[in-house]
Amino acid sequence: MKIIVAVKRVIDYAVKIRVKPDKTGVETANVKMSMNPFCEIALEEALRIRESGLASEVIAVTIGPSQSVDTLRTGLAMGADRGIHVDAAIGLNPLTIAKILKALVHIENPGLLILGKQAIDDDCNQTGQMVAGLLNWPQGTFASKVILDKEKQVATVEREVDGGLETLCLDLPAVITTDLRLNQPRYATLPNIMKAKSKVIKKYTPEELKVQIKSDLEVVQVTEPPKRKTGVIVSSVDELIDKLKNEACVI
Ligand code: AMP
């Protein structure tokens, strides 16, 4: 069984985001980019499944401009067997990404498609659900535990919901999206970084996959959140209580 993992290149989670002066988006020039943290978890899970003998191959897929290949190389250094780069503009909407992933699923025929539950740049949390809908495959979103049964061809997915834990049983092939608690992704070791350089990355364009790039969304404006007001240092507990009573909204 093959596993496809969708990995997105995003601004590194530790970078302080700056909005462009013209408010059309956020600054990405000369900014550290990394693999979306939820995608690292998705890849880690796929690698663990392969290492336990339940899958034969892990394919990392990214959709984006040429620099996205760096993210694929990171995925290959973590242990993915090969990569697929779909050369496309930055900022495609989740439906377009889902259509591209669907086309790749039809080429590769994986038993599992694993995605992050959300990308930390757009926080959409839509792609996994959309691709499952387009493929008509069962979906286990926000997975915090995944157990595969190769013989029965099912995946048992535990997911955190408001009231506790929900356990789903999905017939394979299926789509899984990963939550933070699923696993702790590994670091790429130096020998694996070297090995990754010779792993195969296949390239496609959206046109080759017969996906039309169009958006029904327009970003009108991106603005910074309001600045936090500076605080005051109180000189005594009485002053604090007074402020809490008279100036703060304490229920
Ligand atoms: P989103 O729906 O945008 O929050 O993204 C959810 C997940 O979809 C991500 O964690 C990735 O697994 C996948 N994904 C979204 N955009 C891309 C992309 N450009 N390339 C590869 N995977 C993507």
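Caption draft 1: Quick peek at the site of the ligand. Near the ligand there are 18 residues, and of these Ala6, Ile63, Ala119, Asn125 and Thr127 occur at the shortest range. The separation between an oxygen atom of the ligand and a polar main-chain atom of Ala6 is 2.8 Å. Here a nitrogen atom of the ligand sits 2.8 Å away from a polar atom, N or O, in the main chain of Ile63. Contact with the protein chains hides 98% of the accessible area of the ligand, taken as 480 Å² for the molecule alone. In this structure the site holding the ligand corresponds to the largest pocket. Only β4 (57-64) and β6 (112-116) provide two or more residues apiece to the shell around the ligand. Here the shell around the ligand gets three residues from one element, more than from any other, and that element is β4. Per-class residue counts for the shell around the ligand are nine nonpolar, seven polar and two charged.

Caption draft 2: Broad picture of the environment of Lys16. With respect to the element layout, Lys16 can be found in the loop between β2 (9-11) and β3 (33-35). The exposure class assigned to Lys16 is exposed, which follows from its relative accessible area of 70%. In this structure the C-alpha to C-alpha distance between Lys16 and Ile147, which are 131 residues apart in sequence, comes to 37 Å.

Caption draft 3: Representation of the sheet that holds β4 in the model. If you trace the nine strands from one edge of the open sheet to the other, you get β9-β8-β7-β10-β6-β1-β4-β5-β11, paired in mixed fashion. Sheet topology places β9 (164-171) and β11 (201-204) at the edges, where each strand pairs with a single neighbour. Direction aside, neighbouring strands of the sheet carry axes that sit 30 degrees apart on average. Sheet topology places strand β7 (residues 139-149) next to strand β8 (residues 154-161); six bridges connect them, and they run antiparallel.

Caption draft 4: Local environment of the state of the cysteines. All told, the structure shown has zero disulfides when counted by the stated rule. Left unpaired, Cys124 is separated from the closest cysteine sulfur, that of Cys39, by 13 Å. Among the residues examined, Cys124 registers a relative accessible area of 26% and is labelled partly exposed.

Caption draft 5: View of a nonpolar patch on the surface. There is a patch of nonpolar side chains on the surface, built from Leu190, Ile193 and Met194 and spanning about 300 Å² of accessible area. Here Ile193 lies in helix α5 (residues 190-196).

Caption draft 6: Quick look at the packing of aromatic side chains. Enumeration over the complete set of coordinates arrives at zero aromatic pairs. The cationic tip of Lys117 hangs over the ring face of Phe142; the distance from NZ or CZ to the ring centre is 5.5 Å. In this structure, Lys202 is placed above the aromatic ring of Tyr204, and the distance from its NZ or CZ to the ring centre is 5.0 Å.

Caption draft 7: Structural context of the layout of surface pockets. Approximately 1400 Å³ is the volume found for the largest pocket. Contributing to the lining of the largest pocket are 50 residues, with Lys8, Gly91, Leu92, Asp121 and Asp122 lying nearest its centre. Elements with a contribution of two residues or more to the lining of the largest pocket: β2, β4, α3 (94-108), β6 and α4 (127-135). If one sorts the elements of the lining of the largest pocket by residue count, β4 sits on top with four residues. Its residues assigned to classes, the lining of the largest pocket shows 25 nonpolar, 17 polar and eight charged. Considering only enclosed or pocket space, the second largest pocket measures out at about 590 Å³ in volume. Along the walls of the second largest pocket sit 25 residues, with Tyr13, Ser34, Met35, Glu40 and Tyr187 positioned nearest its centre.

Caption draft 8: Molecular detail of unusual backbone geometry. Omega for the bond connecting Leu172 with Pro173 falls within 30 degrees of zero, at 0 degrees, which places this linkage in the cis form. Topologically, Pro173 is positioned in the loop between β9 and β10 (174-178). Of note in this structure, Gln153 is not a glycine but carries a positive phi near 60 degrees. Mapped onto the fold, Gln153 is located in the loop between β7 and β8. You can call Gln153 partly exposed: its relative accessible area is 37%.

Conventions we followed
- Residues numbered from 1 in each chain as written.
- Predicted model: local features only at pLDDT ≥ 70, side-chain atom pairs only at ≥ 80, totals over all residues.
- Heavy atoms only, no water.
- Near = heavy atom within 4 Å.
- Polar contact = N/O pair within 3.5 Å; in protein donor to acceptor, adjacent residues only side chain to side chain.
- Areas by Shrake-Rupley, 256 points an atom, 1.4 Å probe, with all protein chains shown as cover.
- 1 Å grid on protein atoms, 1.4 Å probe; cavity = no way out; pocket = protein on both sides within 12 Å on 5 of 7 lines; lining within 4 Å.
- Sits in = over half its atoms within 2 Å of the grid points.
- Helix = DSSP H or I, 4+ residues; strand = E, 2+ residues; numbered from the N terminus.
- Nonpolar A, V, L, I, M, F, W, Y, C, P; charged D, E, K, R; others polar.
- Buried < 20%, exposed > 50% of the residue type's maximum accessible area, 1.4 Å probe, protein only.
- Pairing = 2+ DSSP bridges.
- Axes fitted to C-alpha atoms, helices over the stretch in contact; angles between N-to-C directions.
- Disulfide = S-S within 2.5 Å.
- Patch = residues over 30% accessible without salt bridge, like charges linked within 9 Å, V, L, I, M, F, W, Y side chains within 5 Å.
- Salt bridge = Lys/Arg side-chain N within 4 Å of Asp/Glu carboxyl O.
- Phe/Tyr/Trp six-rings, centres within 6.5 Å; stacked < 30°, edge-to-face > 60°.
- Lys NZ or Arg CZ within 6 Å of the ring centre and 35° of its normal.
- Points joined across faces, edges and corners; volume = space filled by probe spheres on them.

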